[in-house]
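Coordinates in review
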Amino acid sequence: MNAGPAVGFIGAGRMGLPMVQRLRAAGMPVVAVARRRELVDQVRAIGVTVVDTPADVGRACAVLIECVFDDRQVEEVLLGEHGALGVMAAGSTVVLHTTGSPRLAERLQAAAPEGVTVLDVPVSGPASDIVAGHITLLAGGPAAALDMARPALATYGHPILHLGVLGDGQRVKLLNNLQFAVNVRLARDLYRMAADLGVDAAAALSAVGESSGRSFGLQMAATDPEHIFERLREFLDKDVATVEAMASEHGGERGRLGEIAPWWRNGDRKSTPPESPR
């Protein structure tokens, strides 16, 4: 792929670094900001231009991709004292990979300079999918802006699913993560129930993973059934809380998924799933 205008990148961490590596492997010039010295050296070694602040990234690119941890960090890098959003040129596109509130995506668009478009494009899948070039991207926002960003996104993302207006990518991702949280929690309970029944619990999870009860959450749980819940809590806690707030704001019927958030928050305390309908 021929080099074109620079792609800006903020958040080259566990998920972001392999994205940057895929962008560079495709021949795209990348401008990034990084705080940790070892990360600066690592991205410079593959030809990334490292600048001092997010604002410096915003000035240098036509497509800016952020991949930080949560909404607070998104606000800091885009709207903070040295934020990138306010200095971007008309015709530029901002891609939000962080899973967070759809309202934040809408607020960022309202704060953007005239002619700058915000897309919410949360990712679904592990870092290994990025390395392989096929992590799922769930996009919300104008199709024309997505088409502008697509050459960069396609270096690591497939499929790229356009789901509707700004915020719809986040809405679908949050629903996905709620379903994933359910599956992880059920897998841990299945593991414990199998042990109580005198069955080889690890073998039981593996067997269900090859049967009609399989899910990605169960497959992940099978790799570390004793600790998977704790390993994922940092990420899923914020997403379950966000989807709960989103659903409460919207109202309407939530079914059994609406009862999952309190169940998830129980953590290691003895708990049972929601009762079946009578």
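A brief structural summary. Numbering of residues starts from 1 in each chain and follows the order in which that chain's sequence is written. Local features in a predicted model are, by the rule used here, given only for residues with pLDDT of at least 70; side-chain atom pairs are given and counted only at 80 or more, and totals for whole chains, interfaces and linings are based on all residues. Calculation of side-chain values draws on the structure's entire complement of heavy atoms; hydrogens and water are dropped beforehand.

**Side note on the side chain of Asp120**
- In this description a helix means any DSSP run of H or I spanning at least four residues, a strand means any run of E spanning at least two, and both kinds are numbered starting from the N terminus. Tracing the backbone shows Asp120 in strand β6 (residues 117-120).
- Polar side-chain contacts of Asp120 include one of 3.0 Å to the backbone nitrogen of Gly169.
- Polar side-chain contacts of Asp120 include one of 2.7 Å to the backbone nitrogen of Gln170.
- By the convention used here, residues are in contact when the closest approach between their heavy atoms is within 4.5 Å. Excluding residues that lie within four positions of it along the chain, Asp120 makes contacts with Leu96, Ala105, Leu138, Ala139, Gly140, Gly141, Val165, Leu166, Gly167, Asp168, Gly169 and Gln170. Two N or O atoms count as a polar contact when they lie within 3.5 Å, although within protein this holds only if one can serve as hydrogen donor and the other as acceptor, and sequence-adjacent residues are included solely when both atoms are side-chain atoms.

**Remarks on helix α8 (residues 168-196)**
- Taking 1.5 Å of rise per residue, the 29 residues of α8 would be expected to cover 42 Å, and the 42 Å separating its terminal C-alpha atoms lies within 8% of that figure.
- Backbone geometry just after α8 places Gly198 at a positive phi near 85°. Multiplying one less than the number of residues by 1.5 Å gives the expected span of a helix.

**Comments concerning empty space enclosed by the protein**
- The pocket and cavity definitions rest on a 1 Å grid over protein atoms only: a 1.4 Å probe that fits but cannot leave marks a cavity, an open set with protein on both sides within 12 Å along at least five of seven lines marks a pocket, and residues lining either have an atom within 4 Å of a point. Grid points are joined across faces, edges and corners, and a volume is the space filled by probe spheres set on the points. Here the structure, examined in full by the defined rule, presents one cavity of 30 Å³ or more.
- In this model, the largest cavity occupies a volume close to 50 Å³.
- Contributing to the lining of the largest cavity are Glu66, Asp71, Val74, Leu96, Thr98, Gly100, Ser101, Leu104, Ala105, Leu108 and Gln170.
- Looking at the lining of the largest cavity, the elements with two or more residues in it are α4 (71-79) and α5 (102-111).
- Element by element, the count of residues in the lining of the largest cavity is highest for α5, at three residues.
- Tallied by class, residues from the lining of the largest cavity come to five nonpolar, four polar and two charged. Polarity classes work like this: nonpolar for Ala, Val, Leu, Ile, Met, Phe, Trp, Tyr, Cys and Pro, charged for Asp, Glu, Lys and Arg, and polar for all others, with Gly in that last group.

**Digging into a nonpolar patch on the surface**
- A surface patch of nonpolar side chains, about 200 Å² in accessible area, is lined by Leu161, Leu163 and Val172.
- For Leu163, the position within the fold is in strand β9 (residues 157-164).
- Take Leu163: its relative accessible area is 34%, and that puts it in the partly exposed class. Here the term patch refers to residues with relative accessible area over 30% and no salt bridge, with like charges joined within 9 Å and nonpolar side chains (Val, Leu, Ile, Met, Phe, Trp, Tyr) within 5 Å. Surface exposure here means Shrake-Rupley accessible area, sampled with a 1.4 Å probe, where a residue is shielded only by the protein chains that are shown. Salt bridge criterion: a side-chain nitrogen from Lys or Arg within 4 Å of a carboxyl oxygen from Asp or Glu. Buried means the residue's accessible area, taken with a 1.4 Å probe over protein chains only, is under 20% of the maximum for its type, while exposed means over 50%, and partly exposed covers the values in between.

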